[in-house]
There are 2 protein chains.
Amino acid sequence: MIGADAAGMSAASQARRLRGPDELEIVAFERGRFTSFSACGIPYWVSGDVEERDRLIARTPEEHRARDIDLRLRTEVTEIDAAAGRVRTRDVDSGTESWTSYDKLVIATGARPVRPDRPGFDAPGVHGVQTLDDGEALLDSLTRVRGRRAVVVGAGYIGVEMAEALLKRGYEVTVVNRGKEPMSTLDPDMGRLVHRAMEEMGITMVDDAEVTKVLTGEGDASPLGEGWVRAVATEDAEYPADVVVLGIGVRPETTLARAAGLPLGAHGGLLTDRAMRVRGHENIWAGGDCVEVLDLVSGQQRHIPLGTHANKHGQVIGTNVGGGCATFPGVVGTAVSKVCDLEIGRTGLREKDARRVGLRFETVVVESTSRAGYYPGASPMTVKMLAERRTGRLLGVQIVGREGAAKRVDIAAVALTAGLTVDQMTVLDLGYAPPFSPVWDPVLVAARKAVTKVRGSAP
Amino acid sequence: MIGADAAGMSAASQARRLRGPDELEIVAFERGRFTSFSACGIPYWVSGDVEERDRLIARTPEEHRARDIDLRLRTEVTEIDAAAGRVRTRDVDSGTESWTSYDKLVIATGARPVRPDRPGFDAPGVHGVQTLDDGEALLDSLTRVRGRRAVVVGAGYIGVEMAEALLKRGYEVTVVNRGKEPMSTLDPDMGRLVHRAMEEMGITMVDDAEVTKVLTGEGDASPLGEGWVRAVATEDAEYPADVVVLGIGVRPETTLARAAGLPLGAHGGLLTDRAMRVRGHENIWAGGDCVEVLDLVSGQQRHIPLGTHANKHGQVIGTNVGGGCATFPGVVGTAVSKVCDLEIGRTGLREKDARRVGLRFETVVVESTSRAGYYPGASPMTVKMLAERRTGRLLGVQIVGREGAAKRVDIAAVALTAGLTVDQMTVLDLGYAPPFSPVWDPVLVAARKAVTKVRGSAP
């Protein structure tokens, strides 16, 4: 295993479940200090919702070793020699190199954060939030800085979650985002709802703005040390910052794979078959943030770095490496997030995704509520639905609301997987009781409206 | 339209949407005083969560009339003359009878509560909760009685919801239930979890006990008047009660239909085709609590009186009556409920349902959490899953937990509708973020375990 996080160690654990140590020797190389941690939990550790780092570690190195997995931390794989079936490793601390041969190789090298090659992005006080070390460094800066102004660069999942975290810690938060609206995984009309809600929370939202540089300060005015971050600059303006968090996405970490001549897709991720086997390589598997996945709705390859996929990949790989048979057919693009009490869910295609693959579609947007309108706590919920024009096939759903909004996309995620039409969706037997839903679930309300639109006019 | 509640008035509204008053005359007969009210909301009105009765009325008579629906309240249909295409009506107040002819008839007569033919069930202080009048009468009793002891007879949805309502109003609540456990729509092992949770809330749970009579008092000891309820008696014990609420289910109200020779099923409900047209009658439709529905999982007819189905039936009937084309294919048996912070969801077949139709199946029960384990508020959730033995087809899911438990059955409801296997479910792309789910959603955890069991042993 190259990489001992979600995909790698899920694979190792599952393979071990199927094959004992006498049958299968498992060696896992990890250049960092941690295993199996929840990167998705970092914003909640920073916010203080999660009290300590180790709560984010699902399985410690000791736990893995107790299950006869030969885990080698701080050991970087520097080369894959696929022809000879071996990898070269380097001890990060001593620099010692050596070769280890394999019968089966699992690549789970994850993703690396995008860091623009522009001035100041490496200044003290500028932080990524991909690893536990990143989280610790950020918390350290937050403890030390005197000011209370934070700028978050990027308004995707990490960006909006970090905005919440910093708000909770009492910072004045500005989110600078190059998209027209936050959450570019939503259509702009739905992103607009997120923009408005975040502004209402007291977050300053700057859209359509590219950060051109990070401005730094000299001298001992900041406890962060020489060259400390002072502001974030766009073409038009400067935003003072005592601390900066980067949430501008990640790219598949496939440097090793590329050097070894393994097949990569248009997004730079490894290409695998449904068994998560690297295409053309009988004994190499890959999973997690370093691979591309098939989008079952569009039929296109995509890069979707999410822990939930990584865990499933690991499970599938571990089963196959262990001699079983499992497949990962693909994704429908489901993702959920929240900013304070605002919930965001999406699955399937946005308008621009549907256009890109040449689909003709209708869109509807409906307003409904999370509970029966008369039940206390019923909160507004906006559901957008896309359906293919001629067939009525569901193409995508986006939901923005409060309690109960995000996970409602699961209904649509299953419907997309099953290829249901919006007509079929209108009669879905979903759970109804006043504390949980209006008598027509918001997703059904959207489906009903979509049916009418797909048919051109009411019959 | 016979009956002006969910099914009838949904049908009327939808038909009116499609056909103007010049094209279609719509007459609706309703023997009661209200239209389109949420019976499911009554427990929350009784509890005080919903402040006033009229909040439960989705559409008033005036609103219906404003849409050119000729609504006749307090007018009971006493006979359907299908051969002549006419109905006989009686003005409830004056007793005047008359005939009205129709081109198309919609039967939406609902259900009537089961009232055991045993002593005392009609005593002052014994209340059903099917109609707004029932709710008002109960609230009136609650205002007047001096004691604080309430007995709920029955532990289905209405029973457990009324237990919560009475608890919230400060009563000592005893639930007397003839099933082995509360919530007989769950398997007994899952019902047991509800039993325990309700006891922890301070509710006295008496299972496996048939109420043989309601004991009444004489004289003016109760403000409820002569013959006031004093206790509920089973074979073994007496439970003192200042007020009694009946939640022992309903039967289809098909007296008229039976007399008219319309086809009824084994559960006493009207039988329709997918267009909700009464079988063998081109111009008669029926929907809501008075019909039987097809269970898509078992292939059997069932009677499932739920507002959500009634609304869908009405929508389908209204479309068809209006000259369009819509179908209601059936249900998968989804239902959700809550008792204080305990949430209950179920869909598909229980063990005994699966056995009854001769299916061979495996069951799994898993414990998981509502959120990532490290995220504040993560609460335990028990998921039971049934899968067909050879094929792995999903047969049913039951969930008992706290926040986020009930509506999670929607995932399974869609999967059941689409006929997914548990293998297919393990790779469903469900929404994941720490505040909403562990990285493996509880439903997926159950599916994984079910796959292993269906396969006999891990590969």
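How each quantity is defined
Residues numbered from 1 in each chain as written. Chains lettered and ligands numbered in written order. Predicted model: local features only at pLDDT ≥ 70, side-chain atom pairs only at ≥ 80, totals over all residues. Heavy atoms only, no water. Pairing = 2+ DSSP bridges. Helix = DSSP H or I, 4+ residues; strand = E, 2+ residues; numbered from the N terminus. Axes fitted to C-alpha atoms, helices over the stretch in contact; angles between N-to-C directions. Least-squares fit on C-alpha atoms with pLDDT ≥ 70 in both. Contact = heavy atoms within 4.5 Å. UniProt positions renumbered as here; feature names shortened; annotations may be inferred. Salt bridge = Lys/Arg side-chain N within 4 Å of Asp/Glu carboxyl O. Buried < 20%, exposed > 50% of the residue type's maximum accessible area, 1.4 Å probe, protein only. Core = buried A, V, L, I, M, F, W, Y, C linked by side-chain atoms within 4.5 Å. Left-handed = near helix turned anticlockwise from the far one by under 90°. Nonpolar A, V, L, I, M, F, W, Y, C, P; charged D, E, K, R; others polar. Buried area = accessible area lost by both parts, 1.4 Å probe. 1 Å grid on protein atoms, 1.4 Å probe; cavity = no way out; pocket = protein on both sides within 12 Å on 5 of 7 lines; lining within 4 Å. Points joined across faces, edges and corners; volume = space filled by probe spheres on them. Polar contact = N/O pair within 3.5 Å; in protein donor to acceptor, adjacent residues only side chain to side chain.

Asker: Explain the sheet that holds strand 13 (residues 229-234) of chain A to me, using residue names and the numbers behind them.
Answerer: Residue and element names in this part refer to chain A. Judged by pairing direction, the sheet is antiparallel, and its three strands sit side by side in the order 12-13-14 without closing on themselves. A single partner strand is all that each edge strand has here, and the edge strands are strand 12 (211-216) and strand 14 (238-240). Strand-to-strand twist in this sheet, taken as the mean axis angle between neighbours without regard to direction, amounts to 25 degrees. As paired strands, strand 12 and strand 13 are joined by five bridges and run antiparallel to one another. Residue Val 214 lies in a different strand from strand 13, and its bridge partner there is Val 232.

Asker: Can you lay out the relation of the copies chain B and chain A for me, pointing to particular residues and giving the numbers?
Answerer: It takes a turn of 180 degrees to lay chain B on chain A, together with a shift of 0.0 Å along the axis; the resulting RMSD is 0.0 Å. Considering both components of the superposition, the chain copies are consistent with a two-fold axis. The overlap is high: 100% of the interface residues of chain B also sit at the interface in chain A, so the same surface is used on both sides.

Asker: Explain the UniProt feature "domain: Pyridine nucleotide-disulphide oxidoreductase dimerisation" (unreviewed entry) in chain A to me, using residue names and the numbers behind them.
Answerer: Under the feature "domain: Pyridine nucleotide-disulphide oxidoreductase dimerisation" (unreviewed entry), the UniProt entry names residues 337-439 of chain A. For residues 337-439 of chain A, helix accounts for 20% and strand for 35%, while the C-alpha atoms at its two ends are 26 Å apart.

Asker: Please provide a residue-by-residue account of the pairing of strand 5 (residues 97-101) of chain B, values included.
Answerer: Residues and elements named next belong to chain B. Inspection of the sheet shows strand 4 (residues 86-91) paired to strand 5 by five bridges, in the antiparallel sense. Bridge pairing in strand 5 links Arg 88 to Trp 99. In textbook terms, the turn of a hairpin is the stretch between consecutive antiparallel strands, and for strand 4 and strand 5 this stretch comprises five residues, one of which, Gly 95, has a positive phi near 85 degrees.

Asker: How would you sum up the pattern of salt bridges? Please name residues and give values.
Answerer: A full pass over the atoms with the stated rule returns 74 salt bridges over all chains. Ionic pairing is found between Lys 168 of chain A and Glu 164 of chain A, a salt bridge with its closest N-O pair at 3.4 Å. Residue Lys 168 of chain A and its partner Glu 164 of chain A are both found in helix 5 (residues 157-168); the two are separated by four residues, about one turn of the helix. With relative accessibility at 42%, the residue Lys 168 of chain A sits in the partly exposed group. We note a salt bridge from Asp 70 of chain B to Arg 72 of chain B, for which the minimum N-O separation is 2.8 Å. A single network of salt bridges, built from pairs that share partners, joins Arg 33, Arg 53, Asp 54, Asp 133 and Glu 136 of chain A.

Asker: Before we move on, can you summarise the nonpolar core with the specific residues and values?
Answerer: Among the nonpolar cores identified, the biggest contains 84 residues, and Met 385, Leu 394 and Met 425 of chain A together with Met 385, Leu 394 and Met 425 of chain B are the most heavily contacted of them. Leave out the neighbours within four places in its chain, and Met 425 of chain A touches Met 385, Leu 394, Ala 415, Leu 420, Val 443, Leu 444 and Ala 447 of chain A. Listed in part, the 49 residues of the second largest apolar core include Leu 166, Met 183, Met 190 and Met 198 of chain B.

Asker: Please provide a residue-by-residue account of the packing of helix 1 (residues 6-18) of chain A against helix 8 (residues 307-321) of chain A, values included.
Answerer: All names here are of chain A. Here helix 1 crosses helix 8 at 35 degrees, and the two axes come no closer than 7 Å. Judged by the sense of rotation from one axis to the other, the crossing of helix 1 with helix 8 is right-handed. Along the contact surface, helix 1 presents Ala 6, Ala 7, Ser 10, Ala 11, Gln 14, Ala 15, Arg 17 and Leu 18, while helix 8 presents Ala 310, Asn 311, Gly 314, Gln 315, Ile 317, Gly 318, Thr 319 and Val 321. Residue classes in the contact of helix 1 with helix 8 are distributed as eight nonpolar, seven polar and one charged.

Asker: For the interface of chain B and chain A, give the residues involved together with the corresponding values.
Answerer: Taken residue by residue, the interface counts 66 residues in chain B and 66 residues in chain A. Roughly 5300 Å² is buried in total at the junction of chain B and chain A, and carbon and sulfur atoms are behind 66% of that figure. Its largest share of buried area at the contact with chain A, chain B owes to Tyr 374, Asp 429 and Phe 436 of chain B, together 15% of the area lost on that side. One can count two salt bridges joining chain B with chain A.

Asker: Break down the sheet that holds strand 21 (residues 342-348) of chain A for me, with residues and values.
Answerer: The strands making up a sheet are joined through hydrogen bonds of the backbone, oriented either antiparallel or parallel. All names here are of chain A. Sheet architecture is open: five strands sit in the order 20-21-24-23-22, paired in antiparallel fashion. Here the strands that pair on one side only, and so sit at the sheet edges, are strand 20 (335-339) and strand 22 (361-369). Here the average twist between neighbouring strands, direction ignored, is 15 degrees. Of the strand pairs in this sheet, strand 22 and strand 23 (residues 380-388) are connected by nine bridges, and their pairing is antiparallel. Bridge pairing in strand 23 links Val 365 to Lys 384. Here helix 10 (residues 409-418) sits on the sheet in contact with strand 20, strand 21 and strand 24 (394-401), set at roughly 170 degrees to strand 24. Along the sheet, helix 12 (residues 442-454) makes contact with strand 22, strand 23 and strand 24, crossing strand 22 at roughly 145 degrees.

Asker: Please give an account of empty space enclosed by the protein that cites residues and values.
Answerer: Here the idea is plain: a probe the size of a water molecule rolls over the atoms and shows the empty space left. All names here are of chain B. Going through the model one piece at a time under the given rule, you end up with one cavity of 30 Å³ or more. Quantified by volume, the largest cavity comes out at close to 50 Å³. Looking at the largest cavity, the residues that line it are Pro 113, Val 114, Arg 115, Gly 128, Gln 130, Leu 246, Gly 247, Ile 248 and Gly 249. Of the residues belonging to the lining of the largest cavity, the class tally is four nonpolar, four polar and one charged.

Asker: Residue-level account of the environment of Asp 49 of chain A, with values.
Answerer: For Asp 49 of chain A, the location among the structural elements is in the loop between helix 2 (42-47) and helix 3 (61-66). With relative accessibility at 22%, the residue Asp 49 of chain A sits in the partly exposed group. In the structure, Asp 49 of chain A is positioned 399 residues away from Arg 448 of chain A in sequence and 39 Å away in space, judged by C-alpha atoms. In this structure, Asp 49 of chain A is in contact with Tyr 44, Glu 164 and Lys 168 of chain A together with Tyr 375 and Pro 376 of chain B, ignoring residues within four places of it in sequence. A polar atom in the side chain of Asp 49 of chain A sits 3.0 Å from the side chain of Ser 47 of chain A.

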